[in-house]
Amino acid sequence: MNIHDVNQGIRKYKNRKRIGRGPGSGHGKTSGRGHKGQGQISGWKQSVVFESGSSSPLVRRIPKRGFNNQWAREVFAVNLGSIEKLFETGEEVTIATLKAKGLANGRFDFLKILSQGNLTKKLKFYAHKYSAAAREKISQAGGEIVELPGPAPVVKNKQKS
């Protein structure tokens, strides 16, 4: 082998496969789709989990694990210590102000104030839930608590009333 043979035949861009252009191309007649069956039909896409009509596909053989409650509400918790650092005396602590200051990120259904950290500033809180210790610390600092109504409860069985 010589040094000029190293890159022989290697091209940067590969020509595209020209399908259905006659028998001489090697991809003529059935265009690589084979004879008979649903795979020859245009627009047919095979499912990722499809196993040629197997009586027990892999998806059904593997056991399910865990539990996912689709009715569960997402609660976002904020500690008083982090609120103390970002807010000035007399400000209102709402969901909008928490998002603006980068404390509350993502999607959630309830905002809960927790008691970790100290609170020395007089603030007005708008949240759905408060821990008992957080309520006590807010009232000791001279703050005000406004409890927001939560989203409507999920009715699991509409026939029961």
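Our structure is the block above this text.
If you're wondering where the values come from, they're calculated on a predicted model, not measured in any experiment.

Cut-off values and rules
Residues numbered from 1 in each chain as written. Predicted model: local features only at pLDDT ≥ 70, side-chain atom pairs only at ≥ 80, totals over all residues. Heavy atoms only, no water. Core = buried A, V, L, I, M, F, W, Y, C linked by side-chain atoms within 4.5 Å. Buried < 20%, exposed > 50% of the residue type's maximum accessible area, 1.4 Å probe, protein only. Helix = DSSP H or I, 4+ residues; strand = E, 2+ residues; numbered from the N terminus. Contact = heavy atoms within 4.5 Å. Phe/Tyr/Trp six-rings, centres within 6.5 Å; stacked < 30°, edge-to-face > 60°. Pairing = 2+ DSSP bridges. Patch = residues over 30% accessible without salt bridge, like charges linked within 9 Å, V, L, I, M, F, W, Y side chains within 5 Å. Areas by Shrake-Rupley, 256 points an atom, 1.4 Å probe, with all protein chains shown as cover. Salt bridge = Lys/Arg side-chain N within 4 Å of Asp/Glu carboxyl O.

Draft legend 1. Molecular detail of the nonpolar core. The biggest cluster of nonpolar side chains holds 18 residues, and the ones touching the most others in it are I83, L98, I113 and F125. Broken down by secondary-structure element, the contributors of at least two residues to this core are α2 (80-86), β3 (110-114), β4 (124-127) and α4 (132-140). Ignoring anything within four residues of it in the chain, the contact list for L98 reads V78, I83, F87, V93, L103, A104 and L111.

Draft legend 2. The arrangement of the packing of aromatic side chains in detail. A complete count under the given rule lists one aromatic pair for this structure. For the pair F76 and F108, a centre-to-centre distance of 5.1 Å together with 25° between the ring planes defines the contact as stacked. Here F108 lies in the loop between α3 (95-100) and β3 and F76 lies in strand β1 (residues 75-79), a separation of 32 residues in the sequence. F108 sits in the buried class, given a relative accessible area of 14%.

Draft legend 3. Molecular detail of the pairing of β4. Here two bridges tie strand β2 (residues 92-93) to β4, and the two strands are oriented parallel to one another. Along β4, the bridge assignment pairs V93 with F125. Across four bridges, the pairing between β4 and strand β6 (residues 144-147) is parallel. Within β6, the residue paired with Y126 across the bridge is V146.

Draft legend 4. Quick peek at the sheet that holds strand β5 (residues 129-130). Judged by pairing direction, the sheet is parallel, and its three strands sit side by side in the order β1-β3-β5 without closing on themselves. Both edges of this open sheet fall to β1 and β5, since each of them pairs with a single strand only. Pairing analysis gives two bridges linking β3 to β5, with the strands arranged parallel. Within β5, the position partnered with K112 by the bridge is K129.

Draft legend 5. Summary view of a nonpolar patch on the surface. A contiguous nonpolar patch, built from M1, I3 and V6 and spanning about 420 Å² of accessible area, is present on the exposed surface. Looking at where M1 falls in the secondary structure, it is placed in the segment before α1 (58-61). Looking at M1, the relative accessible area reads 84%, which means it is exposed.

Draft legend 6. Region of interest: the pattern of salt bridges. Taken as a whole and judged by the stated rule, the model has four salt bridges. Measuring nitrogen to oxygen at the nearest pair gives 3.6 Å for the salt bridge that ties K101 to E91. Separated by 10 residues along the polypeptide, K101 in the loop between α3 and β3 and E91 in the loop between α2 and β2 bring together distant segments of the chain. Note on E91: relative accessible area 26%, which makes it partly exposed. The salt bridge involving K124 is made with E144; its shortest N-O contact spans 3.7 Å. Of this pair, K124 sits in strand β4 while E144 sits in strand β6, placing them 20 residues apart in sequence.

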